[in-house]
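Residue-level listing of the chains:
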Amino acid sequence: PQSLATLTGLAPALTITNYDVSLRTALESDSLFISAVCTIRNESSESMELIDFDLFAREQYYGVKVEIAKIVGLVNGRSDPLAFARASLTRPADPALEGSDEFPKITRVSLSSPLKKGETASLQFEYKITAVDSKKKDLPYRIIDEFSPGLKEICLITDFSWLPWITWTDYEKVQMLDKSNFFTKMPRPTWRMVVRHPSSYQALVVDGRLEKTIDSGNDTVSTWVCRTGGMPQLLIGRSDKVVVKDGSVSVVFLVAKGRYEPSAVESMGRFLIRAFRFYSQLFGELSENEMHIAVSSA
């Protein structure tokens, strides 16, 4: 059956307007445990009963394994388990190819009741992402990397769907727009994110504002909220936090221990502060006066 997450013009019929995310590291097993609540709005004129999601659909391409424990609908304080299936829409002759670049695994969720025009619904995904081999070198990207024994790094960026995305099904149209240098009209959801990791590590959600940090035993728990809308990007590593400040404007760097020049970081910070002030003169005072830069060891 054709997915109901279809395109309306250049925008999808269903959009995610907000994420509420909790992430916990399990570095001994190269895993991330994630709970993601998605608020979804129906922008189309039709009722929706099935929703297709991309949740690391190309898991083999990126060298990870995704295990979904459950998906529930949150309605009036209740948690209703939802039926779902995770498979490629076109089944390969060789089942081992599922999750490859050619046969991405789509997560198809059945709603407990149809989502009507203009309505919103909240779905909670509970899942684990595990790096198949954190030392493997022939992958295009590694979300968990081990550079030396005991030195691991988690780097989650918007290039891949580590959070559930609504699947685009009109692939030919999207590819045509990409080749024509047109940007598809992608939504920019708001989000809140809670990150738990070992206290010997540092974390930075690049696009977020830090609300609070709590040390809990051997772990650190930090809470972040979005500043401009979009998707969160996260770096966790055994890093140094370097702050370059001039007046009310500051740049916070997260850089790998022993793999940077302090003078270069200071110089880059002051360059960015000058750029920030230049834009403030052009467009008026900006609502934020702190920039975040995370530098991966890779």
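Before any of the text, the structure's been laid out above.
Residues numbered from 1 in each chain as written. Predicted model: local features only at pLDDT ≥ 70, side-chain atom pairs only at ≥ 80, totals over all residues. Heavy atoms only, no water.

Right, let's get into the nonpolar core. Core analysis: the largest hydrophobic core is formed by 54 residues, its most contacted members being L23, I34 and W162. Once residues within four sequence positions are removed from consideration, L23 is found in contact with L32, F33, I34, L156, W162, M193, V194, V195, R196, L234 and I236. Core analysis: the next-biggest nonpolar cluster, separate from the first, contains 10 residues, V249, V251, F253 and I273 among them. (Core = buried A, V, L, I, M, F, W, Y, C linked by side-chain atoms within 4.5 Å. Buried < 20%, exposed > 50% of the residue type's maximum accessible area, 1.4 Å probe, protein only. Contact = heavy atoms within 4.5 Å.)

Applying the stated criterion to the full structure yields 18 salt bridges. E288 is paired through a salt bridge with R209; the nearest N and O atoms lie 2.3 Å apart. Of this pair, E288 sits in the loop between helix 3 (262–283) and strand 21 (290–294) while R209 sits in strand 16 (residues 208–216), and the two are 79 residues apart along the sequence. Relative accessible area serves as the criterion here: at 37%, R209 is assigned to the partly exposed category. The partner of R270 in a salt bridge is E266, and the shortest N-O contact between them spans 2.8 Å. Highlighted residues: R270 and E266, both in helix 3, separated by four residues, approximately one helical turn. Overlapping salt bridges bring together D246, E266, R270 and R277 as one network. (Salt bridge = Lys/Arg side-chain N within 4 Å of Asp/Glu carboxyl O. Helix = DSSP H or I, 4+ residues; strand = E, 2+ residues; numbered from the N terminus.)

Before going further, it helps to examine the environment of S100. Here S100 lies in the loop between strand 8 (84–87) and strand 9 (106–115). Accessibility expressed as a relative area gives 7% for S100, which makes it buried. Distance from S100 to Y61, taken between C-alpha atoms, is 5.5 Å for residues 39 residues apart in sequence. Once residues within four sequence positions are removed from consideration, S100 is found in contact with R58 and Q60.

With that settled, consider the packing of aromatic side chains. A complete count under the given rule lists eight aromatic pairs for this structure. Seen from their ring centres, F56 and F160 are 5.1 Å apart, and the 20° between their planes marks the pair as stacked. Note that F56 is positioned in the loop between strand 5 (48–54) and helix 1 (59–62) and F160 in the loop between strand 12 (151–156) and strand 13 (165–166), a separation of 104 residues in sequence. Overall, F56 belongs to the buried group, its relative accessible area being 1%. Taking relative accessible area as the criterion, F160 reaches 3% and is therefore assigned buried. An angle of 85° between the planes, with centres 5.0 Å apart, marks the rings of Y61 and Y62 as edge-to-face. (Phe/Tyr/Trp six-rings, centres within 6.5 Å; stacked < 30°, edge-to-face > 60°.)

What the four strands build is an open sheet, ordered 11-12-18-15; its pairing is antiparallel. Edge strands, defined here as strands with exactly one partner in the open sheet, are strand 11 (144–148) and strand 15 (202–205). Taking the axes of each pair of neighbouring strands and ignoring which way they run, one obtains an average angle of 15° across the sheet. Of the pairings in the sheet, the one linking strand 15 to strand 18 (residues 234–237) comprises four bridges and is antiparallel in character. (Pairing = 2+ DSSP bridges. Axes fitted to C-alpha atoms, helices over the stretch in contact; angles between N-to-C directions.)

Moving on, we come to the sheet that holds strand 7 (residues 78–81). Taken in spatial order, the eight strands make up an open sheet running 7-6-10-4-3-14-17-16, and their pairing is mixed. Each having just a single partner strand, strand 7 and strand 16 make up the two edges of the open sheet. Looking at each pair of strands side by side, their axes are set apart by 20° on average, direction ignored. Bridge count for strand 3 (residues 14–26) against strand 4 (residues 31–42) is 12 bridges, and the pairing is antiparallel. Directly across from D20, in strand 4, lies its bridge partner V37.

A contiguous nonpolar surface patch, about 570 Å² in accessible area, is contributed by F278, Y279, L282, F283 and L286. When you line up the elements, F283 lands in helix 3. (Patch = residues over 30% accessible without salt bridge, like charges linked within 9 Å, V, L, I, M, F, W, Y side chains within 5 Å. Areas by Shrake-Rupley, 256 points an atom, 1.4 Å probe, with all protein chains shown as cover.)

A few words on helix 3. Compared with an ideal rise of 1.5 Å per residue, which puts 22 residues at 32 Å, helix 3 spans 32 Å between its outermost C-alpha atoms and is within 8% of the ideal. Listing the buried residues of helix 3 in full gives V265, G269, L272, I273, F276 and S280. For helix 3, the buried positions fall inside an angular range of 105° around the axis, keeping them on one side. Helix 3 presents S263, R274, Q281 and L282 as exposed residues on the side facing more than 90 degrees away from its buried surface. Of the surrounding secondary structure, the elements contacted by the buried residues of helix 3 are strand 19 (239–246), strand 20 (249–256) and strand 21. Once helix 3 ends, the next one or two residues include G284, with phi positive near 95°. (Expected span 1.5 Å × (residues − 1). Arc of directions from axis to C-beta.)

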